Amino acid sequence: MVDLISNLPDEILGKILSLVPTKVAASTSVLSKRWRNLLGLIDSLCFDEPEEAESGSHRFFDFLDKTFALLSESPIIKKLSLSHIPTSGRDDDYSRVNRWIWTALERGLSELQLHATPTLSRCLSIERSVHEQHTGEAHTLR
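Reference entry: report on the structure contained in this document. These numbers were taken from a predicted model, which means no experiment stands behind them.

1. Re the environment of Lys23
Moving on, step 1. One can find Lys23 in helix α2 (residues 22-27).
Moving on, step 2. Lys23 gets classed as partly exposed once you look at its relative accessible area, which sits at 35%.
Moving on, step 3. For the pair Lys23 and Leu64, spaced 41 residues apart in the sequence, the C-alpha separation amounts to 9.2 Å.

2. Description of the pattern of salt bridges
Close approach of charged atoms allows side chains with opposite charge to pair.
Moving on, step 1. Summed over all chains, the structure comprises six salt bridges.
Moving on, step 2. A network of salt bridges, in which partner residues are shared, links Asp62, Asp65, Arg96 and Arg99.

3. Some words on the packing of aromatic side chains
Moving on, step 1. Scanning the model with the defined rule gives five aromatic pairs in all.
Moving on, step 2. Here the aromatic rings of Phe61 and Trp100 are separated by 5.2 Å at their centres, their planes lie at 70°, and the arrangement is edge-to-face. Residue Phe61 is found in helix α4 (residues 57-70), and its partner Trp100 is found in helix α5 (residues 91-106); the two are separated by 39 residues along the sequence.
Moving on, step 3. For Phe61, a relative accessible area of 2% gives the class buried.
Moving on, step 4. Residue Trp100 is classed as buried on the basis of its relative accessible area of 1%.
Moving on, step 5. Each ring, one from Phe68 and one from Trp100, has its centre 6.3 Å from the other, and the planes form 10°; the classification is stacked. Separated by 32 residues along the polypeptide, Phe68 in helix α4 and Trp100 in helix α5 bring together distant segments of the chain.
Moving on, step 6. Grouping aromatic residues by their ring pairs yields a cluster made of Phe47, Phe60, Phe61, Phe63, Phe68 and Trp100.

Conventions and cut-offs
- Residues numbered from 1 in each chain as written.
- Predicted model: local features only at pLDDT ≥ 70, side-chain atom pairs only at ≥ 80, totals over all residues.
- Heavy atoms only, no water.
- Helix = DSSP H or I, 4+ residues; strand = E, 2+ residues; numbered from the N terminus.
- Buried < 20%, exposed > 50% of the residue type's maximum accessible area, 1.4 Å probe, protein only.
- Salt bridge = Lys/Arg side-chain N within 4 Å of Asp/Glu carboxyl O.
- Phe/Tyr/Trp six-rings, centres within 6.5 Å; stacked < 30°, edge-to-face > 60°.

If you want it as structure tokens, here you go:
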């Protein structure tokens, strides 16, 4: 069997990986050395894993932390989708979610889809107001 997809340019592979859930895209890094650093080319992040989030919120949060760390060199993040965000009500949970959103905002985020508890949403709306004051840009939470 011939692997034709690996011969595509990095930019094309990054676009393809942007179309699948981020967990799947991240798992491609173990396929070969060729795929190891392609995660940084993803411009659309989708963390909509209800069963993963519910089974162990700390493991889910750790996965998101590691993914965002790998994306530290990513030039742009156009879309971020966060669903089923488990929170224990601890301030640490809220600060982690805020950090992920700020990382995406710093990289040009234009679309944020957030499905969160009312408590978490109130916490994040404060951060959105601060961002609007700082940059003059408004972002819509859907």
